[in-house]
Amino acid sequence: MKRFLFISLCCSLLVLAGCSTSSKTTGTIDLIGEWSILSANGMSTAEGMTPAFIAFDSIGNVHGNASVNYFFGGYILSGDSLSFSSMGMTRMMGPNIEIEDAVIDAINHIATVRVDADTATLYNISGEPIMLWQKR
């Protein structure tokens, strides 16, 4: 009887552990929070209509501003690999739209990320740096 209770308890704990909320991130890189987007595809974002930023939560959601329009969607961080899914975006016109185009193009080509203190460098599939972020 004791053995049956022990096995039942272990199975119950495994079921409860499987039902817990899990993050869309694995590994040691921490992107949670807001990051200022300093540059994209070699172009500074300083002259954008509004400060460009990107923000990550712990359950796989991302949102931000590409200098004129807001974007939102999901992300998956696995080790140093970063990918986005189900992205949406507002579509307003504004000044310096080429900055926004550079930000969106870079986001669409991110493959990996490296974080050093409060700075993140994002790379495309060829290993070339395409974005620079700073933790807010």
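Residues numbered from 1 in each chain as written. Predicted model: local features only at pLDDT ≥ 70, side-chain atom pairs only at ≥ 80, totals over all residues. Heavy atoms only, no water.

This brings us to the packing of aromatic side chains. Any two aromatic rings considered together are summarised by their centre-to-centre distance and by the angle between their planes. Summed over the entire model, instances satisfying the criterion amount to four aromatic pairs. An angle of 50° between the planes, with centres 6.1 Å apart, marks the rings of W35 and W133 as tilted. On the criterion of sequence distance, the pair formed by W35 in strand β2 (residues 33–40) and W133 in strand β10 (residues 129–135) is long-range, its members being 98 residues apart. Aromatic pair F56 and W133: ring centres 5.7 Å apart, planes at 40°, arrangement tilted. A residue pair is termed long-range when its members are at least 10 positions apart, and F56 in strand β4 (residues 53–56) and W133 in strand β10 qualify at 77 residues. W133 carries the same exposure label as F56, and that label is buried. Through a chain of ring-to-ring contacts, three or more aromatic side chains come together here, namely W35, F56, Y75, F84 and W133. (Phe/Tyr/Trp six-rings, centres within 6.5 Å; stacked < 30°, edge-to-face > 60°. Helix = DSSP H or I, 4+ residues; strand = E, 2+ residues; numbered from the N terminus. Buried < 20%, exposed > 50% of the residue type's maximum accessible area, 1.4 Å probe, protein only.)

Looking at the secondary structure, you find N65 in strand β5 (residues 61–65). Residue N65 is classed as buried on the basis of its relative accessible area of 2%. In this structure the C-alpha to C-alpha distance between N65 and I37, which are 28 residues apart in sequence, comes to 9.1 Å. The residues touching N65, leaving out its near neighbours within four places in the chain, are I37, T50, P51, A52, F53, Y70 and F71. At 3.0 Å, the side chain of N65 forms a polar contact with the side chain of T50. Reaching out from N65, the side chain makes a polar contact with the backbone nitrogen of S67 at a distance of 2.6 Å. (Contact = heavy atoms within 4.5 Å. Polar contact = N/O pair within 3.5 Å; in protein donor to acceptor, adjacent residues only side chain to side chain.)

As for its position among the elements, S67 is in the loop between β5 and β6 (70–78). Given a relative accessible area of 0%, S67 falls into the buried group.

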